[in-house]
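Below, each chain spelled out in residue letters.
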2 protein chains.
Amino acid sequence: MESIRVALGSRAYPIHLGAGILERAELFAPHLRGTAAVVTNAVVAPLYGARVRKALEAAGARVVEIVVEDGERAKGWPTLERVFDGLLEARLGRDTTLIALGGGVVGDLAGFAAATYQRGVAFVQVPTTLLAQVDSSVGGKTAINHPRGKNMVGAFHQPVAVVSDVATLDTLPERELRAGLAEVIKHGAALDAAFFAWLEAHIGELLARERAALIHAVRRSCELKAAIVAEDERESGKRALLNLGHTFGHAIEAATGFGPWLHGEAVAAGMVFAAELSRRAGLLRPEDAQRLLDLIRRAGLPTRAPALAPARWHELMSLDKKSAGGRLRFVLLEGLGRARLPAGVDARLVDEVLLAAAQ
Amino acid sequence: MESIRVALGSRAYPIHLGAGILERAELFAPHLRGTAAVVTNAVVAPLYGARVRKALEAAGARVVEIVVEDGERAKGWPTLERVFDGLLEARLGRDTTLIALGGGVVGDLAGFAAATYQRGVAFVQVPTTLLAQVDSSVGGKTAINHPRGKNMVGAFHQPVAVVSDVATLDTLPERELRAGLAEVIKHGAALDAAFFAWLEAHIGELLARERAALIHAVRRSCELKAAIVAEDERESGKRALLNLGHTFGHAIEAATGFGPWLHGEAVAAGMVFAAELSRRAGLLRPEDAQRLLDLIRRAGLPTRAPALAPARWHELMSLDKKSAGGRLRFVLLEGLGRARLPAGVDARLVDEVLLAAAQ
């Protein structure tokens, strides 16, 4: 097992990374004060619920389990209210530790529950998808969706620890593995050319779920993201670079009603869009745009969005939290590993790429 | 006009205090970046909405107004969702400043909306009740109620400024003025014997709404609370002393379904309960318990709770956020101006006082 530290002053926390580690009571023990409330979903609970419960009980905690439905649909107020119902029914106080056992939806939902239950309790993330291990477990973003937009209601609330067990990826559906790889590719494309090259060389091993490759990919992703978050916890500056592919990606998710496209799939198509926009703006060399497109294709991820009129895309993108004062902001690439956030992008170029992207 | 500074490092903010100041654009201007979204209620909007809008527009902001219903019933998810609907319908981004114009309910609701809309936007409090001016405008506690308990879902989110205009108290119903005085009395009883004595001498002027007396009472209350909050923002220690009367007070509110008793009224009866418990525990001199009872009576506030069995009170109190590991915690008095939080209180004493309090 290895541990990465996310350096956030009084809110610093460790990410423990390895295979088979979610059974280890000593990873949970330092973070339990009374009851542990495990928030998980109907798919993950039968797979890993008992093992995590055993570890928590061995660490001395009373354990309460709250099982929500699987999927993005669970990431809304009705499900959050059921989590609060469960916590209040068990009469849990501020000394409760929430354990988020599952993928990004469970992490975001349970994290937001932890951020707001009695004005904030501690939580530990136990991510069981690649996406959650490389992305949502670092940075403290928690949220639920609103019918008018994704992640519109949320909070920054850091976990007290993350336990990332790559053995749980054995049970991950193929499509979700690929969706997780989209965020891994994003970390390379936005921040680290050498890591991008490593991914080009090892994409086959990752798709074959070779543990050493998975551990390296998760570790490097967490390191890259942790370094950014440590500099800019509240996304006022540099952290926005992590949104490569996300402005357009969120619009795809919104256009399709949150669900048909997995988040990582939408980000993949969003990155292709961002690379094409960067190329046409004269920032990115055509061969680098091609390398990104190729890697996304090899990962089995989509490269094109559904066909919609540019005006509709603009409308969907303008609701994105990253729009400032009504202006769209796009993260562009100046090269592989070199993302930047230009002040403005020529609207004509955006429309051209929108038309091309959705052919 | 005078200004008090709440010293919270990077989250420090000013409380501006005076008569007729909610029209002053320069108090809002430093805190506006784009749109100002005024959250207010159906009673306050016709009284002060236009004046605040004019000040915000003079400060250069676009103004959006979101009017919610009056009363404690508005402090729940359905109303919060309507606030989010209003913000999203107007396509407001992270550069929005929420303006909470109203009493404690509007402040708590709009504050929690500000804490969670797009993971947090700025907000300015413009409290128009005495309770909100002396209590909820200091300290950053925001929340909504859950059917199972008051303030169960919330966040710590500091305003960027507070504009406390005592002229707005001219339109405050008599009963709400008295309920606000309960928290003023609490600040004296818990923290400052000299202020308590000043209140004994000036309660008549306060009930007559004499502005100089009101300004002194609001200022001293804010100073006392601000000093505590600066030391203990997240209520891990000393801040709990401000909960004098609140464990039992919240139980009264819960027992009666949030509404029939105003918060301040419940706190008044809760303080009488706490004083009696302190007296029977041998901590508080009988004459000091009597002085507190007398002042609460002179303020026209209730001193007795509805009649309920001790077991039911225990049940209601154990749901309070201040219970830790299932143990009830009571703030007691060692003297006027000297609150303390003992580790435990004899359960037999509690039952005796519960029986006596609800005769």
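Worth saying up front: this structure is predicted, and the values here are computed from it rather than measured.

Cut-offs applied
- Residues numbered from 1 in each chain as written.
- Chains lettered and ligands numbered in written order.
- Predicted model: local features only at pLDDT ≥ 70, side-chain atom pairs only at ≥ 80, totals over all residues.
- Helix = DSSP H or I, 4+ residues; strand = E, 2+ residues; numbered from the N terminus.
- Expected span 1.5 Å × (residues − 1).
- Buried ≥ 20, exposed ≤ 12 C-beta atoms within 10 Å, placed from the backbone.
- Axes fitted to C-alpha atoms, helices over the stretch in contact; angles between N-to-C directions.
- Parallel < 35°, antiparallel > 145°, perpendicular 65-115°, else oblique.
- Left-handed = near helix turned anticlockwise from the far one by under 90°.
- Contact = placed C-beta atoms within 7 Å.
- Pairing = 2+ DSSP bridges.
- Domains from an automatic or database assignment.
- Nonpolar A, V, L, I, M, F, W, Y, C, P; charged D, E, K, R; others polar.
- Least-squares fit on C-alpha atoms with pLDDT ≥ 70 in both.

Draft legend 1. Representation of helix α10 (residues 263-280) of chain A in the model. Residue and element names in this part refer to chain A. Compared with an ideal rise of 1.5 Å per residue, which puts 18 residues at 26 Å, α10 spans 25 Å between its outermost C-alpha atoms and is within 8% of the ideal. Of all 18 residues in α10, 17 are buried; the element is thus mostly enclosed. The first or second residue beyond α10 is G282, which carries a positive phi of 80 degrees.

Draft legend 2. The packing of helix α6 (residues 174-191) of chain B against helix α10 (residues 263-280) of chain B, seen in detail. Residues and elements named next belong to chain B. Between α6 and α10, whose axes approach to 7 Å, the crossing angle comes to 40 degrees. The angle between α6 and α10 falls in the class oblique. In this structure, α6 meets α10 at a crossing whose hand is left-handed. Contact residues: A179, G180, A182, E183, K186 and A189 in α6; H263, G264, E265, V267, A268 and M271 in α10.

Draft legend 3. Quick peek at the sheet that holds strand β5 (residues 97-102) of chain A. All names here are of chain A. Read from one edge to the other, the open sheet built from 7 strands follows the order β1-β2-β9-β6-β5-β3-β4, with strand pairing classed as mixed. The open sheet has two free edges, formed respectively by β1 (2-6) and β4 (62-68), since each of these has just one partner strand. The mean angle between the axes of side-by-side strands here comes to 20 degrees, regardless of whether they run parallel or antiparallel. Bridge analysis of strand β6 (residues 122-127) against strand β9 (residues 161-165) gives 2 bridges, and the strand direction is parallel. Residue V124 lies in a different strand from β9, and its bridge partner there is A161.

Draft legend 4. Region of the structure containing the domain arrangement of chain A. All names here are of chain A. What the domain assignment lists for chain A is domain 1 (2-171) and domain 2 (174-357). Centre-to-centre, using C-alpha coordinates, domain 1 lies 26 Å away from domain 2. Facing the 29 residues of domain 1 at the interface are 30 residues of domain 2. For the side of domain 1 that touches domain 2, the secondary-structure elements that each account for two or more residues are β1, β2 (13-18), α5 (130-136) and β8 (149-156). Tallying contributions element by element places α5 first for the side of domain 1 that touches domain 2, with 5 residues. Broken down by class, the residue content of the side of domain 1 that touches domain 2 amounts to 14 nonpolar, 8 polar and 7 charged.

Draft legend 5. Layout of the relation of the copies chain A and chain B. Between chain A and chain B, which share one sequence, the superposing operator has a rotation angle of 180 degrees and an axial displacement of 0.0 Å; the RMSD is 0.0 Å. Taken together, the rotation and translation relating the two chain copies correspond to the operation of a two-fold axis. A shared binding surface is used by both copies, with 100% of the interface residues of chain A retained as interface residues in chain B.

Draft legend 6. Up close: the interface of chain A and chain B. Contacts between the two partners involve 31 residues from chain A and, on the opposite side, 31 residues from chain B. Broken down by secondary-structure element, the contributors of at least two residues to the side of chain A that touches chain B are α3 (77-89), α4 (104-116), β7 (141-146) and β8 of chain A. With 6 residues, β8(A) is the single largest residue contributor to the side of chain A that touches chain B. Split into classes, the residues belonging to the side of chain A that touches chain B amount to 12 nonpolar, 11 polar and 8 charged.

Draft legend 7. Representation of the pairing of strand β3 (residues 35-41) of chain A within the structure. All names here are of chain A. A large share of β3 lies buried, amounting to 7 of its 7 residues. Residues T35, A37, V39 and N41 line one face of β3 and the alternating positions A36, V38 and T40 line the opposite face, and both faces are buried. With 7 bridges joining them, β3 and β4 adopt parallel strand pairing. Residue pairing for β4: V39 is matched across the bridge by I66.

Draft legend 8. Local environment of the sheet that holds strand β3 (residues 35-41) of chain B. Residues and elements named next belong to chain B. Taken together, 7 strands build an open sheet; the order of strands is β1-β2-β9-β6-β5-β3-β4 and the sheet is mixed. Each having just a single partner strand, β1 (2-6) and β4 (62-68) make up the two edges of the open sheet. Between one strand axis and the next, the sheet turns through 20 degrees on average, direction left out of account. Where β3 meets strand β5 (residues 97-102), 5 bridges bridge the pair, whose relative direction is parallel. Residue pairing across strands places V38 opposite I99, the latter belonging to β5. Running at roughly 170 degrees to β3, helix α2 (residues 44-58) makes contact with β3, β4, β5 and β6 (122-127) of the sheet. Of the strands in this sheet, β1, β2 (13-18) and β9 (161-165) are in contact with helix α8 (residues 211-231), which crosses β1 at around 15 degrees.

Draft legend 9. Spotlight on the packing of α6(B) against α8(B). Residues and elements named next belong to chain B. α8 packs onto α6 with a crossing angle of 50 degrees between their chain directions and a minimal axis gap of 10 Å. Comparing their axes, α8 and α6 come out oblique. Handedness of the α6/α8 crossing: left-handed. Of the residues in α8, those touching α6 at V184, H187 and L191 are A217, S221, L224 and K225. Per-class residue counts for the contact of α6 with α8 are 4 nonpolar, 2 polar and 1 charged.

Draft legend 10. Just the environment of B:E231, in detail. Inspection of the secondary structure assignment puts B:E231 in helix α8. In this structure, the C-alpha to C-alpha distance between B:E231 and B:R24, residues 207 residues apart in sequence, is 31 Å.

Draft legend 11. Local environment of unusual backbone geometry. Positive phi outside glycine occurs at A:R91, with the angle close to 55 degrees. With respect to the helices, strands and loops of the structure, A:R91 is situated in the loop between α3 and β5.

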